[in-house]
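# Examination of the molecular architecture
Residues per chain, in single letters:
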Amino acid sequence: MYKNHLNPIHCIIPPYMLSKLIESGNKKVADMAVNSKFRSYRFLSDRNFFRAASFYEKTILGAVPKKPAKSTMQMEVYDCRQTTDLTNATLLWDTKNKQRFNSIAGKNVIKGGKASWDFYRDLFGRNSIDNNGLLIKQYVHYDKGMDNAYWDGRRMVYGDGDGVVFTSFTSDIDVIGHELTHGVTENEANLDYENQTGALNESFSDIFGIMIKQRYNNQDVKKSNWLIGEKVLIGINYALRSLKAPGTGYRNHPELGDDPQPAIMDNYQDMPNTESGDWGGVHINSGIPNFAFYVSAFNIGGYSWEKTGRIWYAVLTDSNLAHDAKFVDVKNMTIQHAERLFGINSLEVKAVKQGWLEAKV
Ligand SMILES: [Zn+2]
């Protein structure tokens, strides 16, 4: 038996957030949160099937391209029409026919999916998530008001949100970029999803998610607000996470309380390696490597993806990045790659060292 959480479904809303909502006095919010938790178990069983499936089986089910595709984006967008039936979802749009349709969620995922695909291809020559032309399948309007978005190992699925705490999970490009980056990570280092390693897995997704949004909006390190999920979480003062100031994504939220992320190693949260413990705080301790990236990028300056992103991508795709890497391993590797790319005494190397120093790793 393998451990389920090492092969997780990657959802944007961590279990501790849903637990808070399940305890909500607002019955609608609580009901939706229970339903969202229930749905996550269904996706998990899909994931477990695909882990054990053969290459042939995966080909039949569209989880790998039938033949290596040329480097052009292939995407299909489906409307679940507020049901949980992915098989009978309606095709809204695909890259071959570019049909016209009305769904805002559908338009959002084309925008976010294309921004992510272009990011990886234009900057790093990557041909889709698996670097082998994977067809990106995105499903919108899944279930009634589901509070989550998932990458299940072969496709993206988005809920519309309960309308009280969360709105459509297609609303933020960084959330879409975050989820698709889980696919990239899975095809590269395949980092475990527990404790420090899981927090690195989450952090890579936040880092590339924010860079994808910054590039789409043409924002440099000073102009960006460094927030993940600023629209998905309803309320002008709320976002899911902040890379600039981890722990300030939301404060005094009526349903969610305070963002629990630490920014520095001194405040690392030793949590149980269980679902309710967020598998050792993978969505919590990711604040530490996120903060190291932010400080590095800010000190390097300009557009984050031009230099700092290159360093982090080199680490993510380095075959020496172990599936059970710790923060210090990524620290050392970012310094090594910065030295290789920009020179031992470069400003970039100093900035990366400063980033990890401020995060106290
Ligand atoms: Zn994630």
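Cut-offs used in this document
Residues numbered from 1 in each chain as written. Predicted model: local features only at pLDDT ≥ 70, side-chain atom pairs only at ≥ 80, totals over all residues. Axes fitted to C-alpha atoms, helices over the stretch in contact; angles between N-to-C directions. Helix = DSSP H or I, 4+ residues; strand = E, 2+ residues; numbered from the N terminus. Parallel < 35°, antiparallel > 145°, perpendicular 65-115°, else oblique. Left-handed = near helix turned anticlockwise from the far one by under 90°. Contact = placed C-beta atoms within 7 Å. Nonpolar A, V, L, I, M, F, W, Y, C, P; charged D, E, K, R; others polar. Pairing = 2+ DSSP bridges. Buried ≥ 20, exposed ≤ 12 C-beta atoms within 10 Å, placed from the backbone.

## Regarding the packing of helix α4 (residues 104–124) against helix α5 (residues 173–187)
For any two helices packed against each other, one specifies the crossing angle of their axes together with the interaxial distance. Axis separation between α4 and α5 bottoms out at 9 Å; the angle between their running directions is 50 degrees. Between α4 and α5, the angle is such that the two are oblique. Relative to α5, the crossing made by α4 is right-handed. The segment α4 lies against α5, with Val109, Lys111, Gly112, Gly113, Ala115, Ser116 and Tyr120 engaging Ile173, Ile176, Gly177, Leu180 and Val184. For the contact of α4 with α5, the residue count by class is 7 nonpolar, 4 polar and 1 charged.

## Observations concerning the sheet that holds strand β1 (residues 10–11)
The mixed open sheet is built from 6 strands, whose spatial order is β1-β5-β6-β4-β2-β3. At either end of the open sheet lies a strand with only one pairing partner, and these are β1 and β3 (90–94). Where β1 meets strand β5 (residues 149–151), 2 bridges bridge the pair, whose relative direction is antiparallel. Bridge pairing links Cys11 to Tyr150 in β5. Packing against the sheet, α5 makes contact with β1, β5 and β6 (155–158), and its axis sits at approximately 25 degrees to β5.

## Things to note about the pairing of β6
Judged by which residues are buried, β6 turns out to be covered on both faces: Arg155 and Val157 on one side and Met156 and Tyr158 on the other are all buried. As paired elements, strand β4 (residues 136–140) and β6 share 3 bridges and run parallel to each other. Paired with Gln138 across the strands is Met156, a residue of β6. Note that β5 and β6 share 3 bridges and pair antiparallel.

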